[in-house]
Amino acid sequence: MSHSEAEQTHQLDLSEDPVTALNLVAMAADDWDGIWQAGNKGGRLGLPVVAGLRRGWVAGELTAEPTESGSRLTLVVDKSDYKIQKPAAVTLLLAGLGALVTVIAPFAPSMLGLVPVGILMTFGAWFLVISRLRNSGPEEFFEDLEKRCEE
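Procedures and definitions
- Numbering of residues begins from 1 in every chain and follows the order in which that chain's sequence is written.
- Side-chain atom pairs in this predicted model are given and counted only at pLDDT of 80 or more, local residue features only at pLDDT of at least 70, and totals for whole chains, interfaces and linings cover all residues.
- Excluded from the side-chain calculation are hydrogens and water; included are all heavy atoms of the structure.
- In DSSP terms, a helix is any run of H or I states spanning at least four residues, a strand is any run of E spanning at least two, and both are numbered starting from the N terminus.
- Throughout, exposure labels follow a simple rule: accessible area from a 1.4 Å probe, protein chains only, divided by the maximum for the residue type, with under 20% read as buried, over 50% as exposed, and the rest as partly exposed.
- Contacts: residue pairs with any heavy atoms within 4.5 Å of one another.
- Surface accessibility in these figures is a Shrake-Rupley result with a 1.4 Å probe; residues are shielded only by whichever protein chains are displayed.
- What counts as a ring pair is set by centres within 6.5 Å for rings of Phe, Tyr and Trp (its six-membered ring), and what kind of pair is set by the plane angle: stacked under 30 degrees, edge-to-face over 60, tilted for all other angles.
- By definition, a salt bridge exists where a carboxyl oxygen of Asp or Glu is found within 4 Å of a side-chain nitrogen of Lys or Arg.

Engineer: Tell me about the overall build of the protein chain, residues and numbers included.
Structural biologist: Broken down by element type, the protein chain carries four helices and six strands. Scanning the protein chain from its N terminus toward the C terminus, one meets helices and strands in the order β-α-β-β-β-β-α-α-β-α. Principal-axis analysis of the C-alpha atoms gives the protein chain an extent of 70 × 30 × 20 Å. Residue burial in the protein chain is summarised as follows: out of 151 residues, 36% are buried. Pairs at least 24 apart in sequence give 61% of the contacts found in the protein chain among residues at least 6 apart. With the model as given, the accessible surface of the protein chain reaches about 9300 Å², and the carbon-plus-sulfur share is 60%.

The following block contains the structure:
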């Protein structure tokens, strides 16, 4: 499932000069398994992202401008591509069915024997999928850059 979004802009002010800031971007992109192509006053940045049940890539132009206190990085995301993690989605669907059985069973006595299975399916999804969901994208990348700058 391909997905294109309106342009998103992310900014970060760093205490480093623009050249040092762009070097930090290159190192962080490498650590993130991203793609960094240096250019004039910035470059093109591609990052792997995770958004709940979706995984994919975002890419955009990153510029570094000098400021009084250091530099300002601006990332304009112009391309994104996400795909749903199908095994996790199916597991959550099964958990939903288990939860539905647990809710309906008191009103349908013939289903009372399925309640333990429904509870196991629901908790299984929690431990297998929901507890492992996380997000990582441009915001988290900029947080990582800020930490690197502080070090």
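Engineer: Please give an account of the packing of aromatic side chains that cites residues and values.
Structural biologist: Per the stated rule, a full pass over the model turns up two aromatic pairs. Here Trp32 and Phe141 contribute two aromatic rings whose centre-to-centre distance is 5.4 Å and whose plane-to-plane angle is 85 degrees, an arrangement assigned as edge-to-face. With Trp32 in the loop between α1 (18-31) and β2 (35-39) and Phe141 in helix α4 (residues 138-150), this residue pair connects regions lying 109 residues apart in the sequence. Here Trp32 matches Phe141 in class, with each residue buried.

Engineer: I'd like a description of the pattern of salt bridges, backed by residues and values.
Structural biologist: This model, assessed by the stated rule, comprises six salt bridges. Put simply, Asp31 and Arg148 hold a salt bridge, and the shortest N to O gap is 2.6 Å. Of the two residues, Asp31 sits in helix α1 while Arg148 sits in helix α4, which places them 117 residues apart along the sequence. We note a salt bridge from Asp78 to Arg44, for which the minimum N-O separation is 2.9 Å. Within this pair, whereas Asp78 is found in strand β5 (residues 70-84), its partner Arg44 is found in strand β3 (residues 42-51), the two being separated by 34 residues in sequence. The network of salt bridges with common partners includes Asp31, Asp144 and Arg148.

Engineer: If you had to explain unusual backbone geometry to someone new, which residues and values would you point to?
Structural biologist: The backbone of Asp33 shows a phi angle near 60 degrees, a positive value even though the residue is not glycine. For Asp33, the location among the structural elements is in the loop between α1 and β2. For Asp33, a relative accessible area of 60% corresponds to the exposed category. The phi torsion at Lys41 lies on the positive side, around 60 degrees, for a residue other than glycine. Tracing the sequence through the fold places Lys41 in the loop between β2 and β3.

Engineer: Now, about the environment of Leu22: what can you tell me, with residues and values included?
Structural biologist: Structurally, Leu22 can be placed in helix α1. For Leu22 and Leu62, which are 40 residues apart along the polypeptide, the C-alpha to C-alpha distance reads 9.1 Å. Apart from the residues lying within four places of it in its own chain, the contact partners of Leu22 are Trp36, Lys41, Gly42, Leu62, Ala64 and Leu73.

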